[in-house]
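Descriptive structure summary
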Amino acid sequence: MRIQESGENYLETILILKNRNGFVRSIDVANELGFTKASVSRAMSILKEAGLLVMEQNGNLVLTESGTQKAAAVYERHTLIAKFLELTLGVDHETAVQDSCRIEHIISEKSFQLIKKYVDDHREAV
């Protein structure tokens, strides 16, 4: 199932918050993204229906295995594209992160794999 860019952003945010705080609630996602709790609640319902997320009784949001895989893939694209922009073009970190957030959703797998190889090769050289 292909989820929209906004769904990918929610999954990535949940993963980041989970790694940072150990748990995630809808209000945490709303605060992180600057969205209303109602908007986040609707998005969480869509992700739940897609089998990417479970809402626990205590309000915690937990990514399913497929949700975790999708979130990790989006996050990897985000970080590697940002690093690529910094390494190859000298883009400042803040701009690279903002640009990569948009690029990560539309880049082809072939182009991403070449970027990944480039960044990996240059990490080893440092």
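Below is a short write-up of the structure.

The rules we used
- Residues numbered from 1 in each chain as written.
- Predicted model: local features only at pLDDT ≥ 70, side-chain atom pairs only at ≥ 80, totals over all residues.
- Heavy atoms only, no water.
- Phe/Tyr/Trp six-rings, centres within 6.5 Å; stacked < 30°, edge-to-face > 60°.
- Helix = DSSP H or I, 4+ residues; strand = E, 2+ residues; numbered from the N terminus.
- Lys NZ or Arg CZ within 6 Å of the ring centre and 35° of its normal.
- Salt bridge = Lys/Arg side-chain N within 4 Å of Asp/Glu carboxyl O.
- Buried < 20%, exposed > 50% of the residue type's maximum accessible area, 1.4 Å probe, protein only.
- Core = buried A, V, L, I, M, F, W, Y, C linked by side-chain atoms within 4.5 Å.
- Contact = heavy atoms within 4.5 Å.

**Comments concerning the packing of aromatic side chains**
In total, this model carries two aromatic pairs according to the counting rule given. Measuring from ring centre to ring centre gives 5.4 Å for Phe84 and Tyr118, while their planes differ by 85°; the resulting arrangement is edge-to-face. Placement of the pair is Phe84 in helix α4 (residues 65-89) and Tyr118 in helix α6 (residues 109-125), with a sequence separation of 34 residues. The ring of Phe112 carries the charged tip of Arg77 above its face, separated from the ring centre by 4.8 Å.

**Considering the pattern of salt bridges**
Overall, the coordinates contain six salt bridges when judged by the stated rule. Between Arg77 and Glu109 there is a salt bridge whose closest N-O contact spans 2.4 Å. Of this pair, Arg77 sits in helix α4 while Glu109 is found in helix α6, placing the two residues 32 residues apart along the sequence. We classify Arg77 as buried; its relative accessible area is 13%. In this structure Glu109 comes out as partly exposed when scored by relative accessible area, which is 43%.

**Observations regarding the nonpolar core**
By size, the foremost hydrophobic cluster in this structure holds 17 residues, and its most contacted members are Ile14, Val29 and Met44. Elements with a minimum of two residues in this core: α1 (5-21), α2 (26-33), α3 (37-49) and β2 (61-63). The element that contributes the greatest number of residues to this core is α1, accounting for five residues. Setting aside chain neighbours within four positions, we find Ile14 in contact with Val24, Val29, Met44, Leu53, Leu61 and Leu63. Ranked by size, the runner-up nonpolar core spans nine residues in total, among them Ile81, Phe112, Ile115 and Val119.

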